[in-house]
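Observations on chain architecture
What follows is each chain in one-letter form.
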Amino acid sequence: MIRSLHRWFGLVAALLLILLALSGTALSLFPATDALKAPSAASLSVAELAARVKAAEPSVEQIRRAPSGLITAFYFKGDAPVSAIVDPATGKVAGNGDQSALQRFLTNLHRSLFLDDTGRIIAAAGALSMLLLAITGLFLIARRAGGFRQLLKPMRGGSSATRLHATVSRLAFPGLVLSSLTALWMTASTFGYLPDGAASPEFPASVSGATGIDLATLPALKAIPVDSLQSLSFPAEGDATDVFTVKTDQGEGYIDQGNGALIGWSDANFADKANRLVIALHTGRGMAWLGLLLGVSALAVPFLGVTGLMGYAQGRRGRGARSKAANKASTIILVGSEGGTTWGFAETLRAALEAAGETAHVGAVSGFSPETYAKANRVILMASTYGDGEAPAPAAGFLARFAAMPVKHGLKLAILGFGDRSFAHYCGFAKDIAAVAQQRGWPLVLPFDTIDRQSPQDFARWGRELSAALGLALELNHVQSPPKTFGLTLTSRRDYGASLQANTAILRLQLPERSLWQRLTGAGFPAFEAGDLIGIIPEGSELPRYYSLASGSRDGFAEICVRKHPGGLCSGQLTSLEPGAEIRAFIRKNPHFRPQANRRPVILIGAGTGIGPLAGFARANDCHQPMYLYFGTRHPSVDALYAEELAGWQAEGRLSGVQTAFSRATNPAYVQDILKADAARLSRLLAAGGQVLVCGGREMAAGVAQVLTDVLAASGLTIAGLKAEGRYAEDVY
Amino acid sequence: MTIRSFLAALAVTTALSFPALAHAGQVKLSTNLRDYGGNPAFLAYYVTDASGKYAGSLWMAGGRTRYYRHLSGWYQATGGNAGEVNGVTGASVGSGRSLDISLDLTDALFDAGYQLHIDAAVEDMRESPDEIVIPLTSANAGKTVQGRRYIADFTFSR
């Protein structure tokens, strides 16, 4: 509901909002340039200012002070009226006082699109849409992040467009809300829906009748500092009954030109003050810094429009467009997903099933109705969860309906969860479905399984299990829009483990040269950090394999650890690669898996090739953040990866501690064992706000989590709690 | 019937296009604005009697009552009462444009010490009360007078 509100408001209002935002940004520059031009008039009284201006331009009729501090005088040159900026120090003309035609054009475009009242209403509707977009957007981000307390955490999950959209919108949120609220106030005030300002004072019935007194001596004018002046109108030349009219931030009054007495005054009321404040907050007049801030926030609007549209388009692509009707299909694939990526996986599965001679229907999980599945004997439920583990919006209410549904004879289920291990409630919704299925006694095609961060490998592995269970030849090659690859040349390799039949290599690849043009435009091979992933497409496959990077682009090379898996296509090709050979690769960011930029301790835990990114973190640790490495491998003389560097990094202070467990040494130990043995220190590091980064095989990561759960138990912390704070991240395979 | 209420009645009949009353003649007010390069101007046309007292409003160019306080002469005279221009209100007048108004005014207004005032105001620019002040005399009819700031010239003709 919130999501579709956000989407439709966004689509309908996008162009209007972009127009309003860009004109607003342009207008925000004027108060800033005014503020730069405005001379200081501190401690000057209006009497002195008026005397100086009158001396310089005797025909002066009015002096105005803008909130920026600029002082404008209105007078005549011969018959022609002139408005000029004056220097308060001398009273002399310092520039043209007319508002520029450009500023007037932009103002009228911004507030009424040159359509007078109709345009003002349209612009106000734009402001209201902006406000609604901001608020619905805030709810969407909170839901995605797992609660309002997590709002400021880095964004995780979703397509790149959605993530950019969410990141930028959080930055722009305060400015956009302030701009739209004040815009609505100003429109309401223009149309007279708000209380009126104070009335002008009664015009004095009698005056002293004297004229020609020295302005600088008039007491009431001397009492007003220039800083609170809004305007001062001079009495008409030669009219002894006329008076000075002065408007200040405090109110409005009349001053006798003969004796300088205040002969009428009305205080500014609440409405005057509120209006002045709102106008300042909206336009930045007198608060140039705020104006610029709002201007920059408004710049986010076109960006949000484009990324929002891209996210929407990415989400829509391939939603079961080519699937068979539900009553004719042998396999029903149902998707419960808020974003669109899971639909892509469903489409890959559908195509593979059809290629194997099956008929498949793809639909939303909300359409689950076993009684209509005349020919189906299996239903595959693909459910994604991000954030706090709640059901995605399109699948709301599904769980309750599913729990109340009778089991249909002859229909089996397969449940596949899509999620991100960096969240506390990994695949929470899918797990709930699986639990209900078990409770109700639905037969399963194959056990509940999960896909981490849209991993094509996870999906292919699940596909192999599915094809074995169904007795079909399925190959699930899920390729999300193929990334642009670059050629990288192997410069050196270090080999380990040959004697234990565990060929492992550290490969160092040369980065492609970037031309000056590419550097300037940010094109070419992207910058990366240790912990990011490099996708390598092996020959004979379209499916990229991902390896964690053990270096950053700052190091000038890309380094990875690869272990040869029996029959592994990519690992086989990589471990037999000779220096000088080239591979095709691309970068995938993995921003949640890296040390937080603070002085708190970092606990690095890895086994086997999992040491790669951890070594990279140590290598990049120039500022000597306390980092403790726990590393598990087989044998000190065979596969102690990075053994040479580790000692050096420790000596340089890049690592505060290194402990290694060897599983094939005389006293075999796993990484879990050295963690257990060091529980006291781990507990202290975690209590000090430490962060845990785990990299390696899935079983190792599960074992580590077990040990750390025990370590944390005493202090009342949980792994789920640490994950929610971004203090526990895993990179597992 | 005081002059003031008589004027007001006239103003209303003008707005509603009633047939002209006896002893009244059509008066045309022509105003040309300078190209002062700003937003459209608000113009208030009103009459004071021989003692300088406000007698009534003839026309208000500009619909938004919120801005009337910037027509400071008119605003002081009427206390900002928008009812004074009820039915005799039109659009504000753009820079460099002109405004022609035809009104049925009683003959009693002429050659009896009454003066016609025009106040002008433009957003973000100097307010200009009494931009035009011209005695309503037969001799002044058809005579062109110049304004000070926003009004290039003004003529009334009977």
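Residues numbered from 1 in each chain as written. Chains lettered and ligands numbered in written order. Predicted model: local features only at pLDDT ≥ 70, side-chain atom pairs only at ≥ 80, totals over all residues. Heavy atoms only, no water.

**Structural notes on the overall build of chain B**
Applicable threshold: Think of it this way: any DSSP run of H or I at least four residues long counts as a helix, any run of E at least two long counts as a strand, and we number them from the N terminus. Categorising residues by exposure relies on relative accessible area from a 1.4 Å probe, with only protein chains included: less than 20% of the type maximum marks a residue as buried, more than 50% marks it as exposed, and the intermediate range marks it as partly exposed. We call two residues in contact when some of their heavy atoms are within 4.5 Å. The protein chains shown are the only cover counted for residues, whose accessible areas, like all others here, come from Shrake-Rupley with a 1.4 Å probe.
Summing up its helical and strand segments, chain B has two helices and nine strands in all. Taken from the N to the C terminus, the helices and strands of chain B come in the order α-β-β-β-α-β-β-β-β-β-β. Within the span of chain B, comprising 158 residues, buried residues form 47% of the whole. In chain B, once contacts between residues fewer than 6 apart in sequence are set aside, the share between residues at least 24 apart is 65%. As presented, chain B carries roughly 6,800 Å² of accessible surface, and 51% of it is formed by carbon and sulfur atoms.

**A short note on the overall build of chain A**
Regarding its fold elements, chain A presents 20 helices and 24 strands. A burial count over chain A gives 51% of its 733 residues as buried. Of the roughly 32,800 Å² of accessible surface on chain A, a fraction of 59% belongs to carbon and sulfur atoms.

**A word on a nonpolar patch on the surface**
All names here are of chain A. Selection rule: Candidate patch residues must exceed 30% relative accessible area and have no salt bridge, after which like charges are joined if within 9 Å and Val, Leu, Ile, Met, Phe, Trp or Tyr side chains if within 5 Å. Here, a salt bridge means any side-chain nitrogen of Lys or Arg that lies within 4 Å of a carboxyl oxygen of Asp or Glu.
Judged by side-chain polarity, Trp8, Leu11, Val12 and Leu309 come together as a nonpolar surface patch covering roughly 420 Å² of accessible area. In terms of residue count, the dominant contributor to the nonpolar patch is helix H1 (residues 2-37) (three residues). In this structure, Leu11 sits in helix H1. Judged by its relative accessible area of 31%, Leu11 is partly exposed.

**Description of the nonpolar core**
Residue and element names in this part refer to chain B. Definition in use: In this description, a nonpolar core means a group of buried Ala, Val, Leu, Ile, Met, Phe, Trp, Tyr and Cys residues linked to one another through side-chain atoms lying within 4.5 Å.
Ranked by internal contacts, the top residues of the largest apolar core, which has 44 residues, are Leu29, Leu43, Tyr45, Trp74, Leu116 and Phe154. Listed by contribution, the elements that provide at least two residues to this core are strand E1 (24-33), strand E2 (42-48), strand E3 (54-61), helix H2 (72-78), strand E5 (98-106), strand E6 (115-121), strand E7 (128-135) and strand E9 (151-157). In this view, Phe154 contacts Leu29, Ser30, Thr31, Tyr45, Leu116, Ile118, Ile132, Ile134, Lys143, Thr144 and Val145; residues no more than four positions away in its chain are not counted.

**Examining the packing of aromatic side chains**
Selection rule: Each Phe, Tyr or Trp ring, with Trp reduced to its six-membered ring, pairs with another whose centre is within 6.5 Å; inter-plane angles below 30 degrees give stacked pairs, above 60 give edge-to-face pairs, and intermediate values give tilted ones.
The full count for this structure, using the stated rule, is 25 aromatic pairs over all chains. For the pair Tyr546 of chain A and Phe586 of chain A, a centre-to-centre distance of 5.9 Å together with 90° between the ring planes defines the contact as edge-to-face. Of this pair, Tyr546 of chain A sits in strand E17 (residues 545-548) while Phe586 of chain A sits in strand E19 (residues 582-588), and the two are 40 residues apart along the sequence. Ring centres of Tyr45 of chain B and Phe154 of chain B lie 6.4 Å apart, and the angle between their planes is 50°; this geometry places the pair in the tilted category. In this pair, Tyr45 of chain B sits in strand E2 while Phe154 of chain B sits in strand E9, placing the two residues 109 residues apart along the sequence. Residue Tyr45 of chain B is classed as buried on the basis of its relative accessible area of 0%. Three or more aromatic residues joined by ring pairs make a cluster, and in this case those are Phe368, Tyr373, Phe398, Phe402 and Trp442 of chain A.

**Quick notes on the sheet that holds strand E8 (residues 145-146) of chain B**
All names here are of chain B. For the record, the criterion: Here, any two strands with at least 2 DSSP bridges between them count as paired.
What the four strands build is an open sheet, ordered E5-E1-E9-E8; its pairing is antiparallel. Looking at which strands have only one partner, the edges of the open sheet turn out to be E5 and E8. Inspection of the sheet shows E8 paired to E9 by two bridges, in the antiparallel sense. Bridge pairing in E9 links Gln146 to Asp153.

**With respect to the pairing of strand E10 (residues 360-364) of chain A**
A regular strand places its side chains so that they alternate between the two faces of the sheet. All names here are of chain A. The buried fraction of E10 is high, at four of five residues. Relative to E10, strand E9 (residues 331-336) runs parallel, the two sharing five bridges. Pairing of Ile332 across the sheet is with His361, part of E10.

**A short note on helix H15 (residues 611-619) of chain A**
For H15 of chain A, a buried count of nine out of nine residues is recorded, marking the element as mostly surrounded by other parts of the structure. Taken residue by residue, H15 of chain A has Ile611, Gly612, Pro613, Leu614, Ala615, Gly616, Phe617, Ala618 and Arg619 of chain A as its buried positions.

**Details of the pairing of E1 of chain B**
All names here are of chain B. Summarising the sheet, E1 and E5 pair through nine bridges and their orientation is antiparallel. Within E5, the position partnered with Lys28 by the bridge is Ser102. Here E1 runs beside E9; their pairing, made up of six bridges, is antiparallel. Its bridge partner being in E9, Asn32 is matched across the sheet by Asp153.

**Re the interface of chain B and chain A**
This is how it is decided: Reported buried area values correspond to the accessible surface (1.4 Å probe) lost by two parts on association, with both partners' losses combined. In this classification, the charged set is Asp, Glu, Lys and Arg, the nonpolar set is Ala, Val, Leu, Ile, Met, Phe, Trp, Tyr, Cys and Pro, and all remaining amino acids, among them Gly, are polar.
Counting residues at the interface gives 17 residues for chain B and 26 residues for chain A. Carbon and sulfur atoms make up 30% of the area that chain B and chain A hide from each other, which totals about 1,900 Å². For chain B, the biggest contributors to the area lost against chain A are Arg64, Arg126 and Arg149 of chain B; these three give 31% of the whole. Summed over the shared surface of chain B and chain A, the number is seven salt bridges. For Arg69 of chain B, the salt bridge is made with Glu252 of chain A, and the minimal N-O distance between the two is 3.1 Å. In terms of residue class, the side of chain B that touches chain A is made up of three nonpolar, four polar and ten charged.

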